[in-house]
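Okay, here's what each chain looks like letter by letter:
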Amino acid sequence: MGQAKELVSIGILFSTEGPYASLGREGYHGALTAIAEINETSDYPFALVPEIRDPKGQTENYASMCRELVENGNSRFVVGCTTSWSRKEVIPVLEKTGGQLWYPCPYEGFETNEHVVYLGTCANQHIVPLLDYVLARHGPNPMLIGSNYIWGWEVNRIARELIEQSSGHVVGERFVPLGDVDIAHLIEEIRASRPDFVLNVLVGPSSLAFVRAYHELAKEDPSFSPARRPIVSCNWTEAEVRELGAAAIGHLTTAPYFQSLPSDDNANFLAKLARFAPAIRDVSAYFAQAYSAVHMIARGMAASGGSNPRSILEHAMDNLYRGPLGPLRIAENTQHAFLAPKIGMARAEGGFEIIDNPNILLAPDPYLARQKSEKAFFSSGKTGRAAPYIRVIK
Amino acid sequence: MSPHTPNYQSWNALILHRPHEIVDAVSRQLLHFGIRAQTSWPELPTDFDPMTVNIIFFDGDMGYDAQFPWPEAYAPVPMIALIGSEAPGRVAWAIKQSADAHLLKPIGSGGVYSAVMIATEAHKRRVALNTEMAQNQFRLAHRECLAKATAHLMVSRDMTENEAYQALRVMAMSAQMSIESMAARILEHSPDDLKFGAAKRNDRA
């Protein structure tokens, strides 16, 4: 008793300013909330010391800041990055130093780096189930819009491939520079082409500006109401829904976590949130995944009695962590998480109503290697969701 | 037979990439075997001249369609893609820019030499294939013309098919032009091949 806990540094590398700051802030607060919680309990023989760097949305800052954390500092683990470009920037540093990045965001896939643990969804866990849901209900002829970088390009490319496989037709595809809010031309194109739905892969301020403008369009022409022609997304957050207010209502997104998730695991998490971060009202998958990352690292360290990244990863592969997302485990061959995507509809009181929750954990398939042979997957709703990449939650 | 050691002395490379450690790593490696590098981003340098640049390295991650003035598959020099994202959309874009080889980011202290060698050879083959294809398309387009000119000679000079073709070949050689061009010239100067058709019918009559 009374013996001081060992102090263990953990790197926090999120942009809380810049074009995707709203997502970065979720990760930042998620990680810090978990650290506060872990440090208060007596469950661990160590206390976590957050070493914080903020690249402010500037891609060129990521590598040097990661180096400060891992090479010059004492952190073997970094929780951070939002865009794929920033993740690609830190990977060389991790490879040189043996550091490990816990990446808590959805991304387009096509990467399995040994120094990265991927906690967000990849394409088979976001755009594939989202289109599976939407194509059957709203029609096969969407408009695709996205921010002009790899996330927008690749998600839209995969969407186009799936839509064409479903005998649909992409009525238009447009990209907007990251952070740009000048989207009037998109609305005019949508008004003219009348797509069945709009796939919105815009990020941050561009996405908010677009949803507001689309709302105005729907006021003028009710055939653009969300019930008829919804905006669907893979990267909307609860905080954005609150900021958008009435403009968001009825539009759809997919995520493996929603704040409204009716489960004991989530109730536990929300109770802790109220205690350790009472100022935070809205949390999204970005928050929950960064929060879970810190918990999984801490559990791995406690179980292995050290901070060897390989041992921590193996612990996360061999053990279920029950956090906000429910049971969470990392797949052995890809270092990505098994995740159970759901469809949420933005609601008037904020947040999302979960309108589709198959409650099945999809094994990560970052190269979409198992999708082509499963054509039924896209054609007839859930019936195609078959083994071997499904694990039922017990 | 052993291959020759390539000599890249006094070659000029153009690296189309934003300022980054990768650019420094590529430039450093290039210098080891005598290639000087110039950097530009996002556009080609205003004074870009394909006659003075021997090889181009380009960014597969942030590159975009209007970056190069030449049509797809017709890059005038060997092209090496610098690839970070392996998303199929980006890899396909690099292929569209006629990437002859690629290097995966991050780039350390090796890889550039073999990429230059592979790209140079692949580019040579690409140019040879394009040239051969253009020649074949030209021949195909002039096949009818060649047949008509041969037939014209057979009738007007009372030759067999072989004799007419040989005569055409000799004429083309002495005029230092392709046999197809000579055929076109003969038809130009003897435009009444319809008359020849009529003559043939008369013969039969």
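Residues numbered from 1 in each chain as written. Chains lettered and ligands numbered in written order. Predicted model: local features only at pLDDT ≥ 70, side-chain atom pairs only at ≥ 80, totals over all residues. Heavy atoms only, no water.

Now for the overall build of chain B. In terms of regular secondary structure, chain B is built from six helices and five strands. Ordering the α and β elements of chain B from the N terminus gives β-α-β-β-β-α-β-α-α-α-α. Computed over C-alpha atoms, the radius of gyration of chain B comes to 26 Å, more than 25% over the 17 Å expected from 2.2 N^0.38 for 205 residues, which places it beyond the range of a compact globule. For the C-alpha atoms alone, the extent of chain B along its principal axes is close to 85 × 40 × 30 Å. For chain B, buried positions account for 41% of its 205 residues. Taking as baseline every contact in chain B between residues at least 6 positions apart, the subset at least 24 positions apart corresponds to 59%. (Helix = DSSP H or I, 4+ residues; strand = E, 2+ residues; numbered from the N terminus. Rg over C-alpha atoms; globule rule 2.2 N^0.38 Å. Buried < 20%, exposed > 50% of the residue type's maximum accessible area, 1.4 Å probe, protein only. Contact = heavy atoms within 4.5 Å.)

The next subject is the confidence of the model for chain B. Residue and element names in this part refer to chain B. Per-residue pLDDT for chain B averages 89, and the proportion of residues at 70 or more is 92%. pLDDT under 50 marks residues 193-205. Its contacts with residues more than four places away, or in other chains, come to three contacts. Here the prediction assigns the complex a pTM of 0.84, and the interface score ipTM is 0.76. (pLDDT = per-residue confidence, 0-100.)

Right, let's talk about the interface of chain B and chain A for a bit. Facing the 13 residues of chain B at the interface are 13 residues of chain A. Taken over both partners, the interface formed by chain B and chain A buries close to 1100 Å², and the fraction arising from carbon and sulfur atoms is 61%. On the chain B side of the interface with chain A, the three residues burying the most area are Met62, Pro88 and Pro106 of chain B, jointly 33% of the side's total. Here chain B and chain A share two salt bridges between them. A salt bridge links Glu89 of chain A to Arg18 of chain B, with the nearest nitrogen and oxygen atoms 3.3 Å apart. Taken together, the connections running from chain B to chain A amount to five residue pairs in polar contact (both at pLDDT 80 or more). Per-element tally for the side of chain B that touches chain A: the top contributor is helix H2 (residues 88-96) of chain B, with three residues. (Buried area = accessible area lost by both parts, 1.4 Å probe. Salt bridge = Lys/Arg side-chain N within 4 Å of Asp/Glu carboxyl O. Polar contact = N/O pair within 3.5 Å; in protein donor to acceptor, adjacent residues only side chain to side chain.)

Next up on the list: the packing of aromatic side chains. Residues and elements named next belong to chain B. This structure, assessed with the given rule, holds 21 aromatic pairs over all chains. Ring geometry for Tyr8 versus Tyr113: centroids 6.1 Å apart, planes at 75°, classification edge-to-face. One end of the pair, Tyr8, is in the segment before strand E1 (11-16); the other, Tyr113, is in helix H3 (residues 112-156), and 105 residues separate them in sequence. Since its relative accessible area comes to 31%, Tyr113 is described here as partly exposed. (Phe/Tyr/Trp six-rings, centres within 6.5 Å; stacked < 30°, edge-to-face > 60°.)

Inspection of the entire model under this criterion finds 30 salt bridges over all chains. With its nearest N and O atoms 4.0 Å apart, the salt bridge here joins Arg67 of chain A to Glu71 of chain A. Within this pair, Arg67 of chain A and its partner Glu71 of chain A are both found in helix H2 (residues 59-72), separated by four residues, close to a single helical turn. Here Asp59 of chain B ties to Lys105 of chain B by a salt bridge, and the two come within 2.8 Å at their closest N and O atoms. Taken as a pair, Asp59 of chain B in strand E3 (residues 55-59) and Lys105 of chain B in the loop between strand E5 (101-104) and H3 lie far apart in primary sequence, 46 residues in all. Judged by relative accessible area, Lys105 of chain B falls into the buried class, the value being 16%. Three or more residues are tied together by salt bridges with common partners; here these are Arg67 and Glu71 of chain A together with Glu21 of chain B.

This part takes up helix H7 (residues 205-220) of chain A. Residues and elements named next belong to chain A. Helix length check: H7 (16 residues) gives 23 Å between terminal C-alpha atoms against 22 Å at 1.5 Å per residue, within 8%. Inspection of H7 places Ser206, Ser207, Leu208, Ala209, Phe210, Val211, Tyr214, Leu217 and Ala218 among the buried residues, and these make up the whole buried set. Considering only its buried residues, H7 is in contact with strand E6 (143-147), strand E7 (172-176), helix H6 (184-193), strand E8 (198-201), strand E9 (231-233) and helix H8 (238-244). (Expected span 1.5 Å × (residues − 1).)

All right, on to the confidence of the model for chain A then. Looking at chain A as a whole, its pLDDT mean stands at 92, while 93% of the residues score no less than 70. Throughout residues 373-394 of chain A the model reports pLDDT below 50, and contacts reaching past four residues in sequence, or to other chains, amount to 45 contacts.

Residues and elements named next belong to chain B. Looking only at helix H5 (residues 179-189), the buried set comprises Ile179, Glu180, Met182, Ala183, Ile186 and Leu187. Within H5, the buried residues cover an arc of 160° as seen down the axis, which keeps them to one side. For H5, the exposed residues set more than 90 degrees away from the buried face come down to Glu188 and His189. Elements that come into contact with the buried residues of H5 comprise H3 and helix H4 (161-174). (Arc of directions from axis to C-beta.)

Residues and elements named next belong to chain B. Here we have five strands laid out as an open sheet, ordered E2-E1-E3-E4-E5, and parallel in their pairing. Whereas interior strands pair on both sides, the edge strands pair on one side only; in this sheet they are strand E2 (35-40) and E5. Taking the axes of each pair of neighbouring strands and ignoring which way they run, one obtains an average angle of 20° across the sheet. Across four bridges, strand E4 (residues 79-83) lies against E5 in parallel orientation. Opposite Ile83, over in E5, you have Leu104 as the bridge partner. (Pairing = 2+ DSSP bridges. Axes fitted to C-alpha atoms, helices over the stretch in contact; angles between N-to-C directions.)

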